[in-house]
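Summary of structural features
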Amino acid sequence: MPSIFTEILSGRAPASFVYRDAMVAAFLDIAPLSEGHCLVVPIEESARLANLSPDTVKHLAAVAQEVGGALQRSDPTITGLNWLMCDGADAGQEVPHVHLHVIPRRQGDGLRFGGRSRKAARAELDAWAERIAERLSERP
Ligand code: AMP
């Protein structure tokens, strides 16, 4: 059965997109651990990192790097980033389609991983996506 990310990538489910090319897309996490939390996702449907080609993995990382830069340019309170990938159910993976979390960190935010977070309003996610996409387009 296709995962929710395949539904999003094929346009059958909504998402707040920041970036998309032939290999990789980035959109806002629906239940952000912090404001601006993005997911970078290969277009190819693959549950596990080991099944992706090295070129796709490299591009995924390059796009995550760009998204992280754009996040920091879009909000000066973002002073750090966490990258997180849960690869396999035993590693905490809930959506069986590879994704790299890019999680903004702010000084003293006290963020803890592993808890549940609330779903954000679509308008809020769209506003973040617009802001980040604008800064992405400014990259050197
Ligand atoms: P993981 O535990 O690494 O598999 O995390 C899956 C992530 O996907 C969680 O942070 C969810 O909030 C996020 N997620 C689930 N459904 C959606 C959706 N429809 N749009 C955006 N993010 C989603």
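Above this text is the structure in question.
Below: a short report on this structure. Just so we're clear, the structure is a prediction, and the values are computed from it rather than from any experiment.

1. Topic: the site of the ligand
- By nearness alone, 16 residues border the ligand, and Asp29, Gly92, Glu94, His99 and His101 come closest of all.
- With respect to the ligand, the backbone of Ile30 contributes an N or O atom lying 3.1 Å from a nitrogen atom.
- When the ligand is considered free in solution it has 510 Å² of accessible area, and contact with the protein chains removes 83% of it.
- More than half of the atoms belonging to the ligand lie within 2 Å of the grid points that define the largest pocket.
- The element best represented in the shell around the ligand is helix 1 (residues 4–9), accounting for three residues.
- Grouping the constituent residues of the shell around the ligand by class yields 10 nonpolar, four polar and two charged.

2. Quick look at the pairing of strand 5 (residues 100–106)
- A large share of strand 5 lies buried, amounting to six of its seven residues.
- Judged from the three bridges that link them, strand 3 (residues 38–42) and strand 5 form a sheet pairing that is antiparallel. Residue pairing in the sheet places Leu39 in a bridge with His101 of strand 5.

3. A look at the sheet that holds strand 4 (residues 78–84)
- Here five strands make up an open sheet; going across it, the order is 1-2-3-5-4 and the pairing antiparallel. Because the sheet does not close on itself, it has two edges, and the strands there are strand 1 (17–20) and strand 4. Shown here is a sheet whose adjacent strand axes are inclined to one another by a mean of 20 degrees, direction ignored.
- As paired strands, strand 1 and strand 2 (residues 24–28) are joined by three bridges and run antiparallel to one another. Pairing of Arg20 across the sheet is with Ala25, part of strand 2.
- Lying over the sheet, helix 2 (residues 54–74) contacts strand 1, strand 2, strand 3, strand 4 and strand 5, oriented at roughly 160 degrees with respect to strand 4.
- In the packing of helix 3 (residues 122–136) onto the sheet, contacts are made with strand 1, strand 2, strand 3, strand 4 and strand 5, and the angle to strand 1 comes to roughly 40 degrees.

4. Regarding the layout of surface pockets
- Here the largest pocket is characterised by a volume of approximately 790 Å³.
- Forming the walls of the largest pocket are 28 residues, and the residues nearest its centre are Asp29, Ala31, Glu94, His101 and Arg116.
- Those elements that place two or more of their residues in the lining of the largest pocket are helix 1 and strand 2.
- Here the element with the most residues in the lining of the largest pocket is helix 1; it accounts for three residues.
- Taken together, the residues of the lining of the largest pocket sort by class into 16 nonpolar, eight polar and four charged.

Calculation rules
Within each chain, residues carry numbers counting from 1 in the order of the written sequence. With the structure being a predicted model, the display of local features is reserved for residues of pLDDT at least 70 and the display and counting of side-chain atom pairs for 80 or more, all residues being used for whole-chain, interface and lining totals. Heavy atoms throughout the structure, all of them, feed into the side-chain values; hydrogens and water do not. Nearness here has a simple test: a residue counts as near a molecule or strand if at least one of its heavy atoms is within 4 Å of that partner. Identification of polar contacts relies on pairs of N or O atoms within 3.5 Å, with a donor-acceptor requirement for protein atoms, meaning one able to donate a hydrogen and the other able to accept it, and with residues adjacent in sequence counted only if both atoms are side-chain atoms. The Shrake-Rupley method, run with a 1.4 Å probe, gives the accessible areas here. Residue values count only the displayed protein chains as cover. Put plainly, a pocket is an open set of points on a 1 Å grid over the protein atoms alone with protein on both sides within 12 Å along at least five of seven lines, a cavity is a set where a 1.4 Å probe fits but cannot get out, and a lining residue has an atom within 4 Å of a point. Each molecule is assigned to a cavity or pocket provided more than half of its atoms lie within 2 Å of the corresponding grid points. Every helix listed is a DSSP run of H or I at least four residues long, and every strand listed is a run of E at least two residues long, numbered separately from the N terminus. Note on residue categories: nonpolar means Ala, Val, Leu, Ile, Met, Phe, Trp, Tyr, Cys or Pro, charged means Asp, Glu, Lys or Arg, and polar means any other residue, Gly included. Exposure categories follow from relative accessible area, calculated using a 1.4 Å probe and restricted to protein chains: below 20% of the type maximum is buried, above 50% is exposed, and the middle band is partly exposed. DSSP calls a pair of strands paired once it identifies at least 2 bridges connecting them. Between N-to-C directions, angles span 0 to 180 degrees; the directions come from axes that are lines fitted to C-alpha atoms, helices contributing only their stretch in contact. Contact criterion: two residues are considered in contact whenever any of their non-hydrogen atoms come within 4.5 Å of each other. Grid points are joined across faces, edges and corners, and a volume is the space filled by probe spheres set on the points.

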